[in-house]
Protein chains: 2
Amino acid sequence: MTAQVLSETTASRMNPTGAFGAIGVRMQFAAGEEIYAQEEEADLIYQVIEGSVRTSRLLSDGRRQIGDFYYPEELFGMEAGDEHRFSAEALSDCTILVAKRSAVRHCGDERERLEKVIWAATTHELARTQEHLFMLGRKSACEKVASFLMLAAERVRGDLTTLVMSRQDMADYLGLTIETVSRMLSQLQSGGIVEFVGCRSFRVIQPSGLARLVTA
Amino acid sequence: MTAQVLSETTASRMNPTGAFGAIGVRMQFAAGEEIYAQEEEADLIYQVIEGSVRTSRLLSDGRRQIGDFYYPEELFGMEAGDEHRFSAEALSDCTILVAKRSAVRHCGDERERLEKVIWAATTHELARTQEHLFMLGRKSACEKVASFLMLAAERVRGDLTTLVMSRQDMADYLGLTIETVSRMLSQLQSGGIVEFVGCRSFRVIQPSGLARLVTA
DNA sequence: CGTTTCTTTGAATCCGGTCAAGGTCCGTGG
DNA sequence: CCACGGACCTTGACCGGATTCAAAGAAACG
């Protein structure tokens, strides 16, 4: 890990309201850099301050599954019961707040609040993972891609949504190949459901049409 | 829910060491009966005492995804951030210990222990879900079925493993059809990897062959 | 402006799904 | 005790959606 650790005082000066306040340390990661490794045991918990992060799991033969994408303010790294099943990498250059879980215990009046925050993030993570699971198990390629776009669009205010990840990342999140993702995107576009502006930004033209494909 | 609620004193007499001790209530469910519904909000947490349970999610068009299977001593129902994304049904006749989460808070000296138990179960659940997610996204039909058998066999001591679920349940857990599951089982059997004794019990003949297919 | 990387599109292939038939296991009742 | 019926499981033939392989096009970068 070649990431740069900022001093705790600097961190506090820059963002005194990060989820972990005094016990967190800021770190910088360059795009593509690993934040933690698969099978690494860790007592750490992370919060995105700036940039975005993906968690992924790699098989020896190169197959990859992406767990999730994380954006500013979101916590990640909760799943380490004993060790991480997924690794985490910076999608873009980013700033991450890192805190030691065991430090929460010696945190006095903050303790209660911090435990609540971590608990909420963990159950939220579980819910998201279950949603993702369902999508992988029972949705067609077209429904998967439509769901993905819909989720991305919901994160944004304003009608233009920009994707922070590559087609390969989308494919590995959805359990598809890049070619299939690309084809489905073209199909959704020629069907008048969405419109792309360059390959990383799009606009939903027919929300109802998109919603129908998502099949909740 | 037509399940029968046993009195708390009866419950305590029958199993004084259930995870939730005093605050738990025993309930009986018949095979196939629903324990809680999809989208039901609940502050409850459950422990299998006897029998087995599956969680599942149904789409309006009939597609179903099974979340997981639960066996005696295991906790389930943790994912209700706000509401359940999956329903839970009894696979066989079973006895379930049900406790109110909010009751844990007023539990005196037991509180610490109970919170720890629930926390452990939740992170364990998250880890299992991630494992399952990976399987659905990136494994072939054969690898999925092999993984399923391996997991089932690991739960058991002695060489004969009995499956508590139908082929349909397996298929809906693995994101496949019953026909494909059946074909893969036949294939594993004719390849000398496993041997079935009736359609619900099997024995692993070649552990290394099975492990190779699981592709960790 | 050239090079590299990422994305799209097309054609051929293959894995898993669909449809259909037959088999097995069990419980019920004659 | 055996015959019948229904639920579950297996197998086969065919089909189709997603992958693979290949090439062209677009975008990012120095």
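Please refer to the structure placed before this passage.
Notes on the structure in this doc start here. Note on numbering: residues in each chain are counted from 1, in written sequence order. In the order they appear in the text, chains get letters beginning with A and ligands get numbers beginning with 1. Totals for whole chains, interfaces and linings use all residues, but because this is a predicted model, local features are given only for residues with pLDDT of at least 70 and pairs of side-chain atoms are given and counted only at 80 or more. Based on all heavy atoms of the structure, the side-chain values leave hydrogens and waters out of the count.

### Quick word on the protein's contact with DNA strand C
- Around DNA strand C, the structure places 16 residues, and the nearest of them are Arg167 and Ser186 of chain A together with Ala141, Thr180 and Arg183 of chain B.
- Here a residue is considered near a molecule or strand provided that any single heavy atom belonging to it is located within 4 Å of it. The sugar-phosphate share of atoms of DNA strand C within 4 Å of the protein amounts to 64%.
- We call two N or O atoms a polar contact when they sit within 3.5 Å, provided that within protein one can donate a hydrogen and the other can accept it, with sequence-adjacent residues counted only if both atoms are side-chain atoms. Here a phosphate oxygen of DNA strand C sits 2.7 Å away from a polar atom, N or O, in the side chain of Arg167 of chain A.
- In this structure, Arg183 of chain B approaches DNA strand C through a side-chain N or O atom, which is 2.8 Å from a base oxygen.

### Some thoughts on the nonpolar core
- In this structure, Phe69, Phe148, Leu163, Met165, Leu188 and Phe202 of chain B are the most contacted members of the largest nonpolar core, which totals 30 residues.
- Contributions of two or more residues to this core are made by strand 6 (64-70), helix 4 (141-154), helix 5 (167-174), helix 6 (178-190), strand 11 (194-197) and helix 7 (207-214) of chain B.
- Any two residues having at least one pair of non-hydrogen atoms within 4.5 Å are treated as being in contact. Apart from the residues lying within four places of it in its own chain, the contact partners of Leu163 of chain B are Phe148, Ala152, Met170, Phe196, Arg200 and Phe202 of chain B.
- Within the second largest apolar cluster, 28 residues are counted, among which are Leu163, Leu174, Leu176 and Leu185 of chain A. The set of buried Ala, Val, Leu, Ile, Met, Phe, Trp, Tyr and Cys residues whose side-chain atoms join them within 4.5 Å is what this entry labels a nonpolar core. Three labels apply to residues, based on accessible area from a 1.4 Å probe with only protein chains included: buried if under 20% of the type maximum, exposed if over 50%, partly exposed otherwise in between. Going along the chain from the N terminus, every DSSP run of H or I of four or more residues is numbered as a helix, and every run of E of two or more is numbered as a strand.

### Concerning the sheet that holds strand 10 (residues 160-162) of chain A
All names here are of chain A.
- At least two DSSP bridges between two strands are needed for those strands to be called paired. Within the open sheet, the three strands sit side by side as 10-12-11. Their pairing is antiparallel. Edge positions in the sheet fall to strand 10 and strand 11 (194-197), since each of these pairs with one other strand and no more. The mean angle between the axes of side-by-side strands here comes to 30°, regardless of whether they run parallel or antiparallel. Helix axes use the C-alpha atoms of the stretch in contact, all axes being lines fitted to C-alpha atoms, and the angles between their N-to-C directions lie in the range 0 to 180 degrees.

### Remarks on the protein's contact with DNA strand D
- Around DNA strand D there are 16 residues in total, and Thr180 and Arg183 of chain A together with Arg167, Ser182 and Ser186 of chain B lie nearest to it.
- Atoms of DNA strand D within 4 Å of the protein: sugar and phosphate make up 65%, bases the balance.
- In this structure, Ala141 of chain A approaches DNA strand D through a main-chain N or O atom, which is 2.9 Å from a phosphate oxygen.
- Interatomic distance of 3.4 Å between a side-chain N/O atom of Arg200 of chain B and a phosphate oxygen of DNA strand D.
- Counting residues per element, the ones that place at least two in the surface near DNA strand D are helix 6 (178-190) of chain A together with helix 6 of chain B.
- Ranked by residues supplied to the surface near DNA strand D, first place goes to helix 6 of chain B with four residues.

### A word on the pairing of strand 9 (residues 94-100) of chain A
All names here are of chain A.
- For strand 9, a buried count of six out of seven residues is recorded, marking the element as mostly surrounded by other parts of the structure.
- Across six bridges, strand 2 (residues 24-29) lies against strand 9 in antiparallel orientation. Residue pairing across strands places Arg26 opposite Leu97, the latter belonging to strand 9.
- As judged from the six bridges shared by strand 4 (residues 44-50) and strand 9, these two strands associate in the antiparallel manner.

### Re the environment of Met135 of chain B
Residue and element names in this part refer to chain B.
- By the element assignment, Met135 lies in helix 3 (residues 111-138).
- For Met135, a relative accessible area of 4% translates into the label buried.
- The sequence separation of Met135 and Ala121 amounts to 14 residues, and the corresponding C-alpha distance is 21 Å.
- Beyond its immediate chain neighbours, meaning those up to four positions away, Met135 contacts Lys144, Ser147, Tyr173 and Leu174.

### Focus on the relation of the copies chain A and chain B
- Superposition of the copies was done by least squares, using only C-alpha atoms of residues whose pLDDT is at least 70 in both. In screw terms, the move from chain A to chain B is a rotation of 180° and a rise of 0.0 Å along the axis, fitting with an RMSD of 0.0 Å. What the rotation and shift describe, once combined, is the action of a two-fold rotation axis.
- An overlap of 100% is found between the interface residues of chain A and their copies at the interface of chain B, pointing to a shared contact surface.

### Some points on the sheet that holds strand 6 of chain B
All names here are of chain B.
- Strand order across the open sheet formed by four strands is 3-8-5-6, with antiparallel pairing between neighbours. Single-partner strands in this sheet number two, and they are strand 3 (34-36) and strand 6. Neighbour to neighbour, the strand axes of the sheet diverge by 30° on average, direction disregarded.
- Across four bridges, the pairing between strand 5 (residues 53-58) and strand 8 (residues 87-90) is antiparallel. Paired with Ser56 across the bridge in strand 8 is Ser87.

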